[in-house]
Amino acid sequence: MQCNVHGLSHVAAHWFPVNETFDSLQGEGGFTGTPALFIRMQGCDVGCPWCDTKHTWPRDEARLVSQGEVKAKTALAEGSWAWFDVEQLADVAHDSAARHIVITGGEPCQYDLRQLIGRLQKTGKRVQVETSGTYTPYVGRTAFLTVSPKYHMPGGRKVLERALERADEFKFPVGKRSDIETVLERLQPYSERHGTPIWLQPLSESRTATELCIEAAHRYGWRVSLQTHKFINIR
Ligand code: SF4
């Protein structure tokens, strides 16, 4: 099998390591409540301590399974994955009733997504990509890009200005007051320049974090995003 995804993010990729594909509702940000097909890529080296998809971090060849097994996953959060090419993912899109597709991870922007996004859009569906902003987003011009910037994470990756410039929305996890300062210093200038909405996401929906988010949203004209899928116990 030709595999051009190993570190060659500038080369248009045809094959992608996929952890799971499933229909659900987008639970976060501006598309909250939208029925969506999720395509979860395998692989992430950012290392966020609170990550709720740690099973997507390693691309362990020992966990390689068939496409059927990946498509048949239910609520299992586990690290098996399969290679899919662009046409096979277009078939998955055709089979889904959802009109919105979310490419997530893991870190999907490790891979050049332009060809895949173009093909998925040809199925008549809108494509959203969720990224940490630590890779150049090769997503073309018409995909909706959600950037959730991850600063000073154990993986040591830096948030890239070109990702912040390209963002259609920002989503920022907030656990403490200094996180609000980070949003003010690092994201608000882009928001003011481009009108990019800023969504604050209280970590673990704790009382303290939620109150911080509400207070800041009032003060600065930002918004609060809750992980609504968790409230109704869906993927
Ligand atoms: S970037 Fe996303 S997938 Fe990667 S560690 Fe952070 S939260 Fe998890």
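Just so it is clear, the model here is predicted, and its values are computed rather than measured.

Chemist: Just to check I follow, could you spell out the pairing of strand 1 (residues 15-25) for this structure?
Modeler: Two faces, one strand: in a regular strand the side chains alternate between the faces of the sheet. Burial within strand 1 is extensive, with 9 of its 11 residues counted as buried. Looking at chain direction, strand 1 and strand 2 (residues 35-41) are connected through 7 bridges and run antiparallel. Paired with Thr21 across the strands is Ile39, a residue of strand 2.

Chemist: Help me out: how do you make sense of helix 5 (residues 177-194) in this one?
Modeler: Residues three or four positions apart in an α-helix share a direction because the helix packs 3.6 residues into each turn. Taking 1.5 Å of rise per residue, 18 residues should cover 26 Å, and helix 5 covers 25 Å from first to last C-alpha, within 8% of that figure. Maximum bend of helix 5: about 50°, positioned at Leu187, with proline Pro189 one to four residues after it. Asp179, Ile180, Thr182, Val183, Leu187, Gln188, Tyr190 and Ser191 are the residues of helix 5 that are buried. Buried residues belonging to helix 5 abut helix 4 (161-166), strand 7 (169-174), strand 8 (198-202) and helix 6 (207-220). Once helix 5 finishes, Gly195 follows within two positions and takes phi at roughly 75°, a positive value.

Chemist: I tried to follow the site of the ligand on my own but got confused; where do I start?
Modeler: Contacts to the ligand come from Cys44, Val46, Gly47, Cys48, Cys51, Thr53, Trp57, Gly106 and Ser132. Each residue belonging to the shell around the ligand can be placed in one class, and the counts come to 5 nonpolar, 4 polar and no charged.

Chemist: Which parts of the structure should I look at to understand helix 3 (residues 114-121)?
Modeler: All of the buried residues in helix 3 are Leu116, Ile117 and Leu120. Projection of helix 3 onto a plane perpendicular to its axis shows the buried side chains occupying an angular sector of 95°, all on one side.

Chemist: Would you take a moment to explain the packing of aromatic side chains for this structure?
Modeler: Remark: the centre distance and the inter-plane angle together describe each pair of aromatic rings, the angle taken between the planes. Counted according to the given criterion, the structure contains 6 aromatic pairs. Taking the centre distance of 4.9 Å and the plane angle of 85° together, the rings of Phe31 and Phe144 count as edge-to-face. Of this pair, Phe31 sits in the loop between strand 1 and strand 2 while Phe144 is found in strand 6 (residues 144-147), placing the two residues 113 residues apart along the sequence. Under the relative-accessibility criterion, Phe31 is labelled buried at 15%. Lying over the aromatic face of Tyr151, Arg186 brings its terminal NZ or CZ to 4.3 Å of the ring centre.

Chemist: Teacher, can you tell me more about the packing of helix 2 (residues 86-95) against helix 3 here?
Modeler: Packed helices, taken two at a time, are described by their axes: the angle between them and the distance between them. Relative orientation of the contacting elements helix 2 and helix 3 amounts to 35°, with a least axis distance of 9 Å. Of the two possible hands of crossing, helix 2 and helix 3 adopt the one that is right-handed. Touching Val86, Glu87, Leu89, Ala90, Ala93 and His94 of helix 2 are Gln115, Leu116, Arg119 and Leu120, all from helix 3.

Cut-offs and rules
Residues numbered from 1 in each chain as written. Predicted model: local features only at pLDDT ≥ 70, side-chain atom pairs only at ≥ 80, totals over all residues. Heavy atoms only, no water. Buried < 20%, exposed > 50% of the residue type's maximum accessible area, 1.4 Å probe, protein only. Helix = DSSP H or I, 4+ residues; strand = E, 2+ residues; numbered from the N terminus. Pairing = 2+ DSSP bridges. Expected span 1.5 Å × (residues − 1). Bend = angle between axes of the 7 residues up to and from the residue. Contact = heavy atoms within 4.5 Å. Near = heavy atom within 4 Å. Nonpolar A, V, L, I, M, F, W, Y, C, P; charged D, E, K, R; others polar. Arc of directions from axis to C-beta. Phe/Tyr/Trp six-rings, centres within 6.5 Å; stacked < 30°, edge-to-face > 60°. Lys NZ or Arg CZ within 6 Å of the ring centre and 35° of its normal. Axes fitted to C-alpha atoms, helices over the stretch in contact; angles between N-to-C directions. Left-handed = near helix turned anticlockwise from the far one by under 90°.

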